[in-house]
Amino acid sequence: MLKRVMTGVGVNIFDKLSIATAQLLMVPLLAHAWGLKLYGLWVMLSTVPTFLAMGDLGFATAAGTRMTIANARGDRDRVILIFQSAWAAILLSSLVFTLLALAGAFLTPASVFGADLPLALPQLRLTLLVLLLYGILAVQGSIFYAGFRCAGLFALGNFLHSVMVILEAVFTFAAILGFAGTPLMVACCLFLSRAIGVTAQFTLMRRHVPWLPVSLARASLTEIRKLMAPAGTVMLLPISQACMLQGTALLLGLTAGEAAVPAFTAARTLSRVGQQMCWTVNAALMPEVSAAIGRRDLGAIAMMVFSTLAVSVVLIAPFALVFGVAGKSIILLWSRGIIHAPALMIAIMAVSILAQGFWFPLSNLILSADRQSTYTIPFVVLALLAMPVTYFLSPAMGSAAPALAMALSDVVMLVLVMALVQRHLVGLDKVLAAGPLARERLRGLAARVARR
């Protein structure tokens, strides 16, 4: 297990470095190429497909957890049934969303987009459509990722995701630097690179997990119904997070002006680098937690909870401190003097980084136990409350308003998730007792690496 986790951590580091590098380069590139007004419009357009690209409609994540638990118990027939049923549900849902995307892109009243647009309305509509289709396509790869995860090939699945991120960045940079790309051209680049990546996932799935047939032959309506409840709770998570991250950006733009959006989104993007560092270990632990639950191994679960907390202490706490002290200067340097982030927003967001850096990784372990329903509804409520907080406080506080909404939500979630870990995973006494064993295993691994 430790070898799989460390391999997964290594690939996760590559994955998160790819994402962070792409995001850190994208903001100044687009801001300089398009100007703040058009870039702000792009950020607002990207919010809708982000609802899709951030999630998998819930089915793949819920199915992946149940498939991993079933595979740990040696029940591959059950794994195949869940996999094919989940894929059938995703395909059907994608068809519905494709039709909604067509209607939304071309039937939305022009007044919704505001006056004095920096982009012609027909081009804006087409750009929105391509971005929506890109988000829908991203969902398709999620079921293949679940297949890699349940078969113990988490590292391979994550590596493919890294390749897709790199392709998207390369195509986008080529469009902007080589062809003075428009938002429509960039949207097409994202769609094309994602199509290449999903095709690669499909091909490698058939090669490396041959016992899990990529078909719909054994899809079951009964199984789809069983997946609907956990899938629904999973689906609410990225939607709520999108409300928190993207919805607040939209309301900030409406109440404080489009020019206020880049400061918040730049700070938000930078703040999430710390979470992505923590995710390198957390994501690799998730399939192992599901497998340990399948084996009913409380000792392994305790050690993974301890490891999650230790990683947050080592990575998130220092990052939050550095962000709070130097975040304003870093954003100014990063954007080459274009984006000025208010000091109050930076300070508040540092608190959000610290709280989220603990509760979010722990919540993923609860998700791996198929217990996500215990914290989903509270998070939905908090995400929805973040919208009016942003709306009413933005005129006075500017970009600090959505930061405050995020920080309040993260502190409440930290208290809740800590209680749920003890209730549904393992007690605090067992977590503390797992510390010496975790250190011993890490020393053993380090010694083996040194001998090589």
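Right above here is the structure, for reference.
Residues numbered from 1 in each chain as written. Predicted model: local features only at pLDDT ≥ 70, side-chain atom pairs only at ≥ 80, totals over all residues. Heavy atoms only, no water.

A. Looking closely at the overall build of the chain. Helix and strand counts for the chain stand at 14 helices and zero strands. For the chain, the sequential pattern of α-helices and β-strands runs α-α-α-α-α-α-α-α-α-α-α-α-α-α. Considering only C-alpha atoms, the chain reaches an extent of 60 × 50 × 45 Å along its principal axes. The buried share among the 452 residues of the chain stands at 54%. The long-range fraction of contacts in the chain, counting pairs at least 24 apart against all pairs at least 6 apart in sequence, stands at 83%. As displayed, the chain offers around 18,900 Å² of accessible surface, 71% of which is attributable to carbon and sulfur atoms. With 31 positive and 14 negative side-chain charges, the chain shows a separation of 4 Å between the mean positions of the two kinds. (Helix = DSSP H or I, 4+ residues; strand = E, 2+ residues; numbered from the N terminus. Buried < 20%, exposed > 50% of the residue type's maximum accessible area, 1.4 Å probe, protein only. Contact = heavy atoms within 4.5 Å. Areas by Shrake-Rupley, 256 points an atom, 1.4 Å probe, with all protein chains shown as cover. Lys, Arg positive; Asp, Glu negative; His and termini not counted. Charge placed at Lys NZ, Arg CZ, Asp CG, Glu CD.)

B. Spatial organisation of the environment of A317. Structurally, the position occupied by A317 is in helix α10 (residues 298-334). Exposure remark for A317: the relative accessible area of 30% places this residue in the partly exposed category. If sequence neighbours within four positions are ignored, A317 has contacts with S312 and L354.

C. Geometry of a nonpolar patch on the surface. Residues L92, L95, L99, L102, F106, L107 and L126 make up a contiguous nonpolar surface patch of roughly 710 Å² in combined accessible area. Counting residues per element, the nonpolar patch draws most heavily on helix α4 (residues 76-107), at six residues. When you line up the elements, L99 lands in helix α4. (Patch = residues over 30% accessible without salt bridge, like charges linked within 9 Å, V, L, I, M, F, W, Y side chains within 5 Å. Salt bridge = Lys/Arg side-chain N within 4 Å of Asp/Glu carboxyl O.)

D. Broad picture of helix α5 (residues 121-150). Spanning 30 residues, α5 covers 45 Å between terminal C-alpha atoms, matching the ideal 44 Å at 1.5 Å per step. The element α5 is largely enclosed, with a buried count of 24 among its 30 residues. Phi for G152, located one or two positions after α5, is positive at around 80°. (Expected span 1.5 Å × (residues − 1).)

E. Representation of the nonpolar core. Counting residues in each nonpolar core, the largest one holds 132 residues, and the members touching the most others are W42, I143, L212, V305, I331, M345 and L425. The dominant element in this core, judged by the number of residues it contributes, is α5, at 15 residues. Apart from residues no more than four positions distant in its own chain, L212 is found in contact with M67, V79, I80, F83, G147, C150 and M205. (Core = buried A, V, L, I, M, F, W, Y, C linked by side-chain atoms within 4.5 Å.)

F. Inspection of the pattern of salt bridges at higher detail. Under the counting rule described, the total for this entry stands at five salt bridges. Across the pair R218 and D77 runs a salt bridge whose closest N-O atoms are separated by 3.9 Å. Here D77 lies in helix α4 and R218 lies in the loop between α7 (183-208) and α8 (221-256), a separation of 141 residues in the sequence. The partner of E168 in a salt bridge is R194, and the shortest N-O contact between them spans 2.9 Å. Pair noted here: E168 is in helix α6 (residues 154-179) and R194 is in helix α7, with a separation of 26 residues, a long-range link. A single burial state applies to E168 and to R194, both of which are buried.

G. Looking closely at the packing of aromatic side chains. A full pass over the atoms with the stated rule returns six aromatic pairs. Between W359 and F360, the aromatic rings sit 5.6 Å apart at their centres with planes inclined by 85°, giving edge-to-face as the arrangement. We note that W359, like F360, is buried. With 5.4 Å between their ring centres and 55° between their planes, W359 and F379 make a pair best called tilted. Taken as a pair, W359 in helix α11 (residues 343-368) and F379 in helix α12 (residues 373-397) lie far apart in primary sequence, 20 residues in all. There is no split in this pair, since W359 and F379 are both buried. Cluster of aromatic residues (ring-pair linked, three or more members): W87, F144 and F202. (Phe/Tyr/Trp six-rings, centres within 6.5 Å; stacked < 30°, edge-to-face > 60°.)

H. Spatial organisation of the packing of α4 against α8. For the pair α4 and α8, the least separation of the axes is 9 Å and the interaxial angle reads 75°. Here α8 runs roughly perpendicular to α4, going by the angle between their axes. Contact residues: R78, L81, I82, S85, A86, A88 and A89 in α4; E223, I224 and L227 in α8. Tallied by class, residues from the contact of α4 with α8 come to seven nonpolar, one polar and two charged. (Axes fitted to C-alpha atoms, helices over the stretch in contact; angles between N-to-C directions. Parallel < 35°, antiparallel > 145°, perpendicular 65-115°, else oblique. Nonpolar A, V, L, I, M, F, W, Y, C, P; charged D, E, K, R; others polar.)

I. Looking closely at the side chain of S394. Examined against the element boundaries, S394 turns out to sit in helix α12. Look at S394 and you get buried, because its relative accessible area is 1%. Polar side-chain contacts of S394 include one of 2.5 Å to the backbone oxygen of T390. Excluding residues within four positions of it along the chain, S394 makes contact with L252, T255, A256, A401 and P402. (Polar contact = N/O pair within 3.5 Å; in protein donor to acceptor, adjacent residues only side chain to side chain.)

J. The side chain of Q201, seen in detail. With respect to the secondary-structure elements, Q201 resides in helix α7. In contact with Q201, other than residues within four places in its own chain, are G141, F144, Y145, F148, L160 and M164.

K. Highlighting unusual backbone geometry. The backbone of D370 shows a phi angle near 65°, a positive value even though the residue is not glycine. For D370, the position within the fold is in the loop between α11 and α12.

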